[in-house]
Amino acid sequence: MERLSSGAPIPAPLRGSVMALGNFDGFHAGHQAVVGRAIDRARAEGRPAIVATFDPHPMRLFRPDTPSFRLTTLDQRAALFARAGADAMLVFDFTPELAALDAAAYVRLLTDQMGVAAVVTGQDFTFGKGRSGTIDSFGQFGLSAEAIAPVMDGEGVISSSRIRAALQAGDCDTATRLLTRPFAIEGMVQHGDKLGRTIGFPTANIDMGPYLRPAYGIYVVRGLLPNGRVLDGAANLGIRPSFDPPKELLEPHFFDFAESLYDQAIEVQLIRYLHGEVKYDGLDALMAGIARDCEDARQILAGTPRLA
């Protein structure tokens, strides 16, 4: 799947596209409905299917002090869009200049510069200066468009906000259901203090970067390696209160695994929240606590099917 930038020419084979237009952070069930409709329409009309997203997120421009809230990185979105069947991902560089375009200029950007033939969005999608553009604006300026109704469950509209709230409450089951897959943190494995290996529980240290901070604590996890291997494990996500100085990290320990992961990009799926962080009184208590958590995690994972 090709990755395109809004500042670069669109290759000729990708002009005339049906574009799914939105942010799609999380790519939850509602987002999947929008993208799925765009891909189905593109296939029916013999057109390329492009999924557009924004980076940075518009909130970063309008409220730059907002705490980290991302559910996916661009790399993760690219993989998810490709798996859904898109031909390309287009990344809009969300600048003050883009935000200042009125609705007519925004549509001209899509049609004249990008060659978009039709767009598919969610019903609540707005665009242009002051969020003045709506689904009806596309048609007013000559671009075919359709809006997809929100996807609902028994508690209301499926949204990124609900997923963030679930993760902040340690409710991995709800997050997984709304996303249709476990929430996964992707990052480069860093060198740490290597204390874990000295007590029999080596960990892969990952910086949380732009991701939303789920509830701090101990999680049942699965690790996805670049070579496709899937590892079971348990992880501490937080500031490690038993160590000084505190440092925020995601630290998965993978069972029955002793290979080096340094400088590799891995994904860590959060399967279940076990409990909050604990400050143990000494190494013996720490090792006993980790052992209990690992045993609990093994039992949970034995009954939990793998979801990509």
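Up top is the structure these notes are about.
Below is a summary of the structure that appears in this document. All figures in this text were calculated on a predicted structure; none of them were measured in a lab.

### Some points on the overall build of the chain
When you go through the chain residue by residue, the secondary structure sums to 10 helices and 14 strands. For the chain, the C-alpha radius of gyration of 22 Å lies close to 19 Å, the compact-globule estimate for 308 residues. For the C-alpha atoms alone, the extent of the chain along its principal axes is close to 70 × 40 × 40 Å. Sorting the 308 residues of the chain into buried and exposed places 49% on the buried side. Summarising the internal contacts of the chain: among those between residues at least 6 apart in sequence, 72% fall at separations of at least 24. Accessible surface, the chain as shown: approximately 14,100 Å² in total, 52% of it carbon and sulfur. Put simply, the chain has 30 plus and 36 minus side-chain charges, and the middle of one group is 3 Å from the middle of the other.

### Quick notes on the pairing of strand 6 (residues 144-148)
Bridge analysis of strand 5 (residues 118-122) against strand 6 gives five bridges, and the strand direction is parallel. Across the sheet, residue V119 finds its bridge partner in strand 6, namely A145. This β-α-β element, strand 5 to helix 6 (residues 135-140) to strand 6, shows right-handed connectivity.

### Quick look at the environment of G209
Tracing the backbone through its elements, the reader meets G209 in the loop between strand 10 (205-206) and strand 11 (217-224). As a C-alpha pair, G209 and D171 span 38 residues in sequence and 21 Å in three-dimensional space.

### Description of helix 7 (residues 160-168)
Taken as a whole, helix 7 has its buried residues at S160, R162, I163, R164, A166 and L167. Lining the buried residues of helix 7 we find helix 1 (29-45), strand 7 (152-153), strand 8 (156-157), helix 8 (172-179) and strand 11.

### Details of the side chain of E146
Note that E146 resides in strand 6. A distance of 3.0 Å separates a polar atom in the side chain of E146 from a polar atom in the side chain of R37. For E146, the side chain forms a polar contact with the side chain of R41, separated by 2.9 Å.

### Quick notes on the packing of helix 7 against helix 8
At a closest axis distance of 7 Å, the pairing of helix 7 and helix 8 adopts a crossing angle of 155°. It follows that helix 7 is roughly antiparallel to helix 8 by the angle criterion. Every pair of crossing elements has a handedness; the one defined by helix 7 and helix 8 is left-handed. In this structure, helix 7 contributes R162, I163, A166 and L167 to the contact, and helix 8 contributes T174, A175, R177, L178 and L179. Residue composition of the contact of helix 7 with helix 8, grouped by class: six nonpolar, one polar and two charged.

### Considerations on the environment of A288
Note on placement: A288 falls in helix 10 (residues 283-302). Its relative accessible area of 33% is what places A288 among the partly exposed residues. C-alpha of A288 to C-alpha of T53: the two residues are 235 residues apart in sequence and 46 Å apart in space.

### A closer look at the nonpolar core
One finds F183, I185, L250, F254, L261, I266 and L270 to be the most contacted residues of the largest nonpolar core, which totals 32 residues. Looking at this core, the elements that each hand over two or more residues are helix 7, helix 8, strand 9 (184-190), strand 11, strand 12 (230-238), strand 13 (249-254) and strand 14 (265-275). Looking at which element gives the most residues to this core, the answer is helix 8, with four residues. Formed by 26 residues, the second largest nonpolar core is a distinct cluster that contains A88, F92, V119 and F138.

### Digging into unusual backbone geometry
One non-glycine residue, T180, lies in positive phi territory at about 70°. With relative accessibility at 40%, the residue T180 sits in the partly exposed group. Phi angles above zero are rare outside glycine, and D256 is one such case at about 55°. Tracing the chain through its elements places D256 in the loop between strand 13 and strand 14. Taking relative accessible area as the criterion, D256 reaches 72% and is therefore assigned exposed.

Analysis parameters
All residue numbers here refer to positions counted from 1 along the written sequence of the relevant chain. Per-residue local features of the predicted model are confined to residues with pLDDT of at least 70, and side-chain atom pairs are confined, for both listing and counting, to 80 or more; whole-chain, interface and lining totals are unaffected and use all residues. Heavy atoms from the whole structure form the basis of all side-chain values; hydrogens and water molecules are not counted. Going along the chain from the N terminus, every DSSP run of H or I of four or more residues is numbered as a helix, and every run of E of two or more is numbered as a strand. Note that the radius of gyration is over C-alpha atoms, with the globule rule given as 2.2 Å times the number of residues to the power 0.38. Classification of residues uses two cut-offs on accessible area relative to the type maximum, computed with a 1.4 Å probe and protein chains only: under 20% is buried, over 50% is exposed, and between them is partly exposed. Should any heavy atoms of two residues lie within 4.5 Å, those residues are considered in contact. Note on areas: Shrake-Rupley with a 1.4 Å probe; residue coverage comes only from the protein chains shown. Neither His nor the chain ends is counted toward charge; the positive residues are Lys and Arg and the negative residues Asp and Glu. To locate a charge, take NZ of a lysine, CZ of an arginine, CG of an aspartate or CD of a glutamate. Here, any two strands with at least 2 DSSP bridges between them count as paired. By convention, orient the strands away from the viewer: a clockwise path from the first strand over the helix to the second makes the crossover right-handed. Think of a polar contact as two N or O atoms within 3.5 Å of one another; within protein, one of them needs to be a possible hydrogen donor and the other a possible acceptor, and neighboring residues in sequence only count if both atoms come from side chains. Axis lines are fitted to C-alpha atoms, over the contacting stretch for helices. Their N-to-C directions set the angle, which ranges from 0 to 180 degrees. In this scheme, roughly parallel covers angles under 35 degrees and roughly antiparallel covers those over 145, while 65 to 115 is roughly perpendicular and the rest are oblique. Two helices crossing with the near one rotated counterclockwise from the far one by less than a right angle form a left-handed crossing, whereas a clockwise rotation gives a right-handed crossing. Under the grouping applied here, Gly and all other residues not named as nonpolar or charged are polar, the nonpolar ones being Ala, Val, Leu, Ile, Met, Phe, Trp, Tyr, Cys and Pro and the charged ones Asp, Glu, Lys and Arg. By convention a nonpolar core is built from buried Ala, Val, Leu, Ile, Met, Phe, Trp, Tyr and Cys residues, the set being connected through side-chain atoms within 4.5 Å.

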